[in-house]
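If you want the building blocks of each chain, they are given just below.
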Amino acid sequence: SMASPALLMRVVASAYSVAEKAATIVRNVMSAGDLGIVEKAGPNDLQTKADRLVQMSICASLARKFPKVTIIGEEELPPDDVTEELIEGGHCEEILKKPCPAQYAGIKEEELVIWVDPLDGTKEYTEGLLDHVTVLIGIAYEGKAIAGVINQPYYNYEAGADAVLGRTIWGVLGIGAFGFQLTEAPAGKHIIITTRSHSSTLVNECISALNPDSIIRVGGAGNKIIQLIEGKASAYVFASPGCKKWDTCAPEAILHAVGGKITDIRGNSFQYNKEVKHMNSAGVLATLRNYDYYASRIPNTVKQSLVP
């Protein structure tokens, strides 16, 4: 008889289905028309009904199946009873068929931390920039991002009524990443992707030091990493605090699974153990290829302004 799949693969397979359910909730809230917007820390820090329902759905669904896993979500929500219609119990069979990398085969539930951003790019969601929006479920072990699921609820939304809406990208270190076409940015071009709504003098000073051929300003960390792995941008640069662990955990795992690299602006890796502070206060530098080229050009003045 076949041994049952390793815990990690079961968690990723469940997270895949949970992310698809999340996408349905995101689309339903939008089509119902009442976003229920709440300002958290200010006009660029918003929460909608979709953020709240999706987080409840993801956290409750995963906690029911994996009760000893630590799950940390972006939104501070009262511990409500979650209605059954928010629970997703399914999993992706394809993922269970993949063998678990040996170094993760013995992981126990209490050793995993799951970082959840129910709706990355909330501001863009409220403004109708729907392709910027992602649902992020990142899985960490021993402080490292080792697996991740990114769902784009509105992938293809401009492709006409017959197009299949949405897609789910997933990856595990040592296996690879799936659900998209891995593409490198044009050789010799420096296409910098950065924040759309959190710009500052420092952010811009850092970008100009990299001598960019072009600059793309979009919302969402998940969205920016997708632009890297699909070859639309060569480096994701954000010289500012503001990004949190739930923004970077899933994208980091997927980027690393295909040989890319992400650090803070000073070159430090991110830590994802459950005790860690939530803010990535020294910003973000990520590339699919040529990380050293960009890292070596970050000005010292910028590094000194950002304290990890």
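In the annotation of an unreviewed UniProt entry, the entry for the protein reads 3'(2'),5'-bisphosphate nucleotidase 1, and the organism field reads Pitta sordida. Recorded under Sequence similarities (unreviewed entry), the UniProt text for the protein is reproduced unchanged: "Belongs to the inositol monophosphatase superfamily." Under Cofactor (unreviewed entry), UniProt gives the following word-for-word description of the protein: "Mg(2+)".

Once the domains are mapped, the protein shows domain 1 (7–178) and domain 2 (191–305). Computed from C-alpha atoms alone, the centre-to-centre distance between domain 1 and domain 2 is 21 Å. Of the residues lining the interface, 41 residues belong to domain 1; the matching set on domain 2 comes to 30 residues. When the two sides are added together, the surface that domain 1 and domain 2 hide from each other amounts to roughly 2,600 Å², 65% of it contributed by carbon and sulfur. The salt bridge partner of Arg196 is Glu127, with a shortest N-O separation of 2.5 Å.

On to the packing of helix α6 (residues 221–229) against helix α7 (residues 245–257). Two numbers describe how α6 lies on α7: the axes approach to 9 Å, and their chain directions differ by 15°. The angle between α6 and α7 places the two elements in the roughly parallel class. For the pair α6 and α7, the crossing hand works out as right-handed. Contacts between α6 and α7 involve Ala221, Gly222, Ile225, Leu228 and Ile229 from the first element and Asp247, Pro251, Ile254 and Leu255 from the second. Partitioned by chemical class, the residues of the contact of α6 with α7 number seven nonpolar, one polar and one charged.

The next thing to look at is the UniProt feature "binding site: Mg(2+)" (unreviewed entry) in the protein. Under the UniProt annotation, the feature "binding site: Mg(2+)" (unreviewed entry) is placed at Glu74, Asp117, Leu119, Asp120 and Asp247. The largest pairwise C-alpha distance within this set of annotated residues, which runs over 174 residues, is 9.6 Å, so the set is compact in three dimensions. If you trace the backbone, Asp117 turns up in strand β4 (residues 112–120). In contact with Asp117, other than residues within four places in its own chain, are Glu74, Thr134, Val135, Leu136, Trp246 and Asp247. Within the secondary structure layout, Asp247 lies in helix α7. Here Asp247 is in contact with Asp117, Asp120, Leu136, Ala221 and Gly242, once residues within four sequence places are set aside.

Rules used in this analysis
- Residues numbered from 1 in each chain as written.
- Predicted model: local features only at pLDDT ≥ 70, side-chain atom pairs only at ≥ 80, totals over all residues.
- Heavy atoms only, no water.
- UniProt positions renumbered as here; feature names shortened; annotations may be inferred.
- Domains from an automatic or database assignment.
- Contact = heavy atoms within 4.5 Å.
- Buried area = accessible area lost by both parts, 1.4 Å probe.
- Salt bridge = Lys/Arg side-chain N within 4 Å of Asp/Glu carboxyl O.
- Axes fitted to C-alpha atoms, helices over the stretch in contact; angles between N-to-C directions.
- Helix = DSSP H or I, 4+ residues; strand = E, 2+ residues; numbered from the N terminus.
- Parallel < 35°, antiparallel > 145°, perpendicular 65-115°, else oblique.
- Left-handed = near helix turned anticlockwise from the far one by under 90°.
- Nonpolar A, V, L, I, M, F, W, Y, C, P; charged D, E, K, R; others polar.

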